[in-house]
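# Survey of secondary and tertiary structure
Residue-level listing of the chains:
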Amino acid sequence: MQATTLLIIGGGPGGYIAAIRAGQLGIPTVLVESDNVGGTCLNIGCIPSKALIHAADEFHKVVGYGGSSSLGIKVSTPAIDIGKTVAWKDGVVKRLTGGVAALLKKNGVHVIKGWARIIDGKTIAIDQGDKAGERLQISCEHLLLATGSEATELPDMPFGDKVISSTQALSPTMVPERIAVVGAGYIGLELGIAYRKLGSQVSIIEAQDRILPAYDADLAKPVLASLKKLGVTLHLSCAVKGMNEAGTALRVLDQHDSEIVLETDQVLVAVGRRPRTAGFGLESLMLDMDGRSPRIDDQCRTSMHNVWAIGDLVGEPMLAHRAMAQGEMVAEIIAGKSRRFTPASIPAVCFTDPEIAVAGLSPEDATQQGLDCIHAMFPFSANGRAMTLESTEGFVRVVARRDNHLVVGWQAVGPGVSELSTAFSQSLEMGARLEDVAGTIHAHPSLGEAVQEAALRALGHALHI
C-alpha cells in the first residue's frame with residue numbers, strides 16, 4: 001500500500017490549487033482525478049462557456065454590420081463554421097488544462113487518473129480501469145474532498161437525446177434552429193443569449209416571475225431589455241411538464257394552468273447544480289451534513305479529524321474562485337500556518353449581455369442585516385468609455401454605512417463589468433471608505449470611472465451627472 005501526507009479527491013479548481021500549494025510547501029501530495037485536471041470549470045464550464053460566448057458575440061457583431069451600422073462598417077453574407085468554433089474553444093481548454101498538469105508536475109504532485117473510493121478516513125482505493133490490472137490503495141494523513149458539483153436533472157426529463165445539459169450545449173455539432181432553455185438563472189441566460197446570437201430561435205422558461213431571481217431586480221432590468229432586443233422569447237411563472245409523445249415539443253404550463261406547446265429541436269436544462277456526493281463512498285465516513293453537503297467550519301474541516309472538504313461539494317456559492325481560495329488555505333493549514341476562511345466578499349459575475357458583477361451587500365441585504373446604509377448609482381449613459389463601446393446600458397452602485405462611510409457592497413451591470421469585480425472585492429477586503437474610492441485617481445476614459453463617480457455621488461458631489 002502506498003502512503004502520502006495529503007490525498008485529494010478531485011482535480012478541479014479547488015483540488016488542483018490545493019495540490020499545487022501543498023507541493024510548494026513540501027507536503028507529499030497525491031491528486032486523484034477521473035478525467036482531465038481542471039474540473040468542470042476548465043473543461044465543461046467557466047472557460048469553454050466564456051469562449052463560446054465570445055464567439056457568439058463576435059458573430060452577432062458581424063451580422064449587425066450586414067445592415068446599417070452607425071460606425072460605418074458594412075459586411076456581406078456573414079457565416080459561422082460552428083465546428084471550427086468548437087475546435088478553437090477546445091484548443092483554449094487544452095492549453096489551460098495542459099498548463100495545470102505541468103504546474104502539478106513541477107511542484108511534485110503525484111497525479112493518478114482513476115476513480116477514487118473511500119474505504120475510511122485514512123485509506124482510499126483507486127480504480128484505474130483498463131490501464132491498471134488491479135485497484136490501488138493509498139493511505140493518507142489528510143484527506144481533502146474536492147469532488148465538485150453536477151448539473152441537476154428534471155425528474156421527468158433526464159439528460160439524453162434532445163434534452164441536454166450545459167456540457168452538451170458547449171460542444172454543439174450544429175446550431176439548432178430552435179432551442180428551449182429551462183431556467184433563467186445565470187447559466188440558462190448566458191447560454192441562451194449565446195445561442196440566440198449564433199442564430200437559434202430561443203425560448204426561455206422560468207418558474208419564478210422574473211429572470212435572474214438570485215440578483216436584485218435593478219440589475220436584471222438591462223439584461224431583460226437586451227433579451228427583448230435580441231428576440232428571445234420569455235415564459236415566466238411557468239412550469240415544465242415534459243416533452244410531447246413525439247419528442248418534438250416541450251409542454252409548458254403557464255401561471256393560469258394553460259398548456260403551451262413549444263416546438264423545439266433541443267431542450268437545455270439549466271435549473272442549477274448540486275454537490276457531487278455519490279459514487280466515491282462519502283457515506284462511509286458518516287460525516288455531519290448540511291443537506292447534501294458535508295458540514296465544515298471556517299477552516300474547511302469536516303466532523304472527522306483530518307478530513308477536509310472544499311468547493312462546490314460544500315454548497316453555495318458554487319464558484320471556482322471560492323474553491324481555489326479554500327484549497328490554498330487548507331494546504332497552508334496542513335503545513336502549519338494559521339488561516340481561516342473569512343473573506344469580506346466573494347464576488348460573483350454573470351456573463352450575460354450586459355454583464356453583471358456583485359460583491360458584498362446589496363441595499364436590500366444591508367437593510368435585512370440591520371445596517372443603516374446609503375447607496376448611490378452612476379449610469380454608464382454618462383460614461384465616455386461606455387459611449388465609445390456603443391454600450392451605455394447599466395450602472396455601477398455602491399453601498400456604504402451612513403455613519404462612517406465604510407463600503408459594504410458593490411453592484412454593476414453593463415459592458416465588461418466583470419473586470420470591475422476585482423476592484424470591488426479589493427475595496428471591501430481593505431476596508432475602504434467612500435472617501436478612499438472617491439479620492440483615488442481613475443484612468444480616463446475607462447469604465448472604472450463609474451466606480452469613482454458612484455462613490456462621489458454617495459458623498460453628494462458627483463462630477464459628471
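Anyway, here's the lowdown on the structure attached to this text. (Residues numbered from 1 in each chain as written. Predicted model: local features only at pLDDT ≥ 70, side-chain atom pairs only at ≥ 80, totals over all residues. Heavy atoms only, no water.)

A word on the sheet that holds strand E22 (residues 373-379). In spatial order, the strands read E20-E21-E24-E23-E22; together these 5 strands make up an open sheet with antiparallel pairing. Lying at the two open borders of the sheet, with one neighbouring strand each, are strand E20 (348-350) and E22. On average, each strand axis in the sheet is inclined to that of its neighbour by 10°, with strand direction left out of account. Pairing of E22 with strand E23 (residues 395-401) involves 7 bridges; the strand directions are antiparallel. (Pairing = 2+ DSSP bridges. Helix = DSSP H or I, 4+ residues; strand = E, 2+ residues; numbered from the N terminus. Axes fitted to C-alpha atoms, helices over the stretch in contact; angles between N-to-C directions.)

With that settled, the discussion passes to the layout of surface pockets. Considered as a void within the structure, the second largest pocket measures approximately 1,000 Å³ in volume. Listing elements by their share of the lining of the second largest pocket, those giving two or more residues are helix H6 (186-198), strand E12 (239-243), E20, strand E21 (355-360) and helix H9 (363-368). In terms of residue class, the lining of the second largest pocket is made up of 25 nonpolar, 9 polar and 6 charged. (1 Å grid on protein atoms, 1.4 Å probe; cavity = no way out; pocket = protein on both sides within 12 Å on 5 of 7 lines; lining within 4 Å. Points joined across faces, edges and corners; volume = space filled by probe spheres on them. Nonpolar A, V, L, I, M, F, W, Y, C, P; charged D, E, K, R; others polar.)

Below, the discussion takes up the pattern of salt bridges. Tallied over the entire structure, the rule returns 19 salt bridges. Between Glu259 and Arg251 there is a salt bridge whose closest N-O contact spans 3.2 Å. Judged by its relative accessible area of 44%, Glu259 falls in the partly exposed class. Arg251 sits in the partly exposed class, given a relative accessible area of 26%. Note that Asp403 is salt-bridged to Arg401, the shortest N-O span being 2.6 Å. (Salt bridge = Lys/Arg side-chain N within 4 Å of Asp/Glu carboxyl O. Buried < 20%, exposed > 50% of the residue type's maximum accessible area, 1.4 Å probe, protein only.)

Taken together, the 3 strands give an open sheet; going across it, the order is E12-E13-E14, and neighbouring strands pair in antiparallel fashion. Pairing within the sheet leaves two strands with one partner each, and these edge strands are E12 and strand E14 (259-263). With strand direction ignored, the average angle separating the axes of adjacent strands in the sheet is 25°. When strand E13 (residues 249-253) meets E14, the two strands line up antiparallel, connected through 5 bridges. When the sheet's bridge partners are listed, Ala249 is paired in E14 with Glu263.

Turning next to empty space enclosed by the protein. One water molecule sets the probe size; rolling that probe over the atoms shows where empty space is left. On inspection of all chains with the given rule, the structure shows 1 cavity of 30 Å³ or more. The calculated volume of the largest cavity comes to roughly 50 Å³. What lines the largest cavity is Ala151, Thr152, Ser166, Ile187, Val269, Ala270, Val271, Gly272 and Arg273.

Between helix H1 (residues 13-24) and helix H8 (residues 320-334), the least distance of the axes is 7 Å, while the angle of their chain directions is 30°. Judged on the interaxial angle alone, H8 and H1 are roughly parallel. Read as a crossing pair, H1 and H8 show a hand that is right-handed. Where H1 approaches H8, its residues Pro13, Gly14, Tyr16, Ile17, Ala18, Arg21 and Ala22 are matched on the opposing element by Ala320, Ala323, Met324, Gly327, Glu328, Ala331 and Glu332. (Parallel < 35°, antiparallel > 145°, perpendicular 65-115°, else oblique. Left-handed = near helix turned anticlockwise from the far one by under 90°. Contact = heavy atoms within 4.5 Å.)

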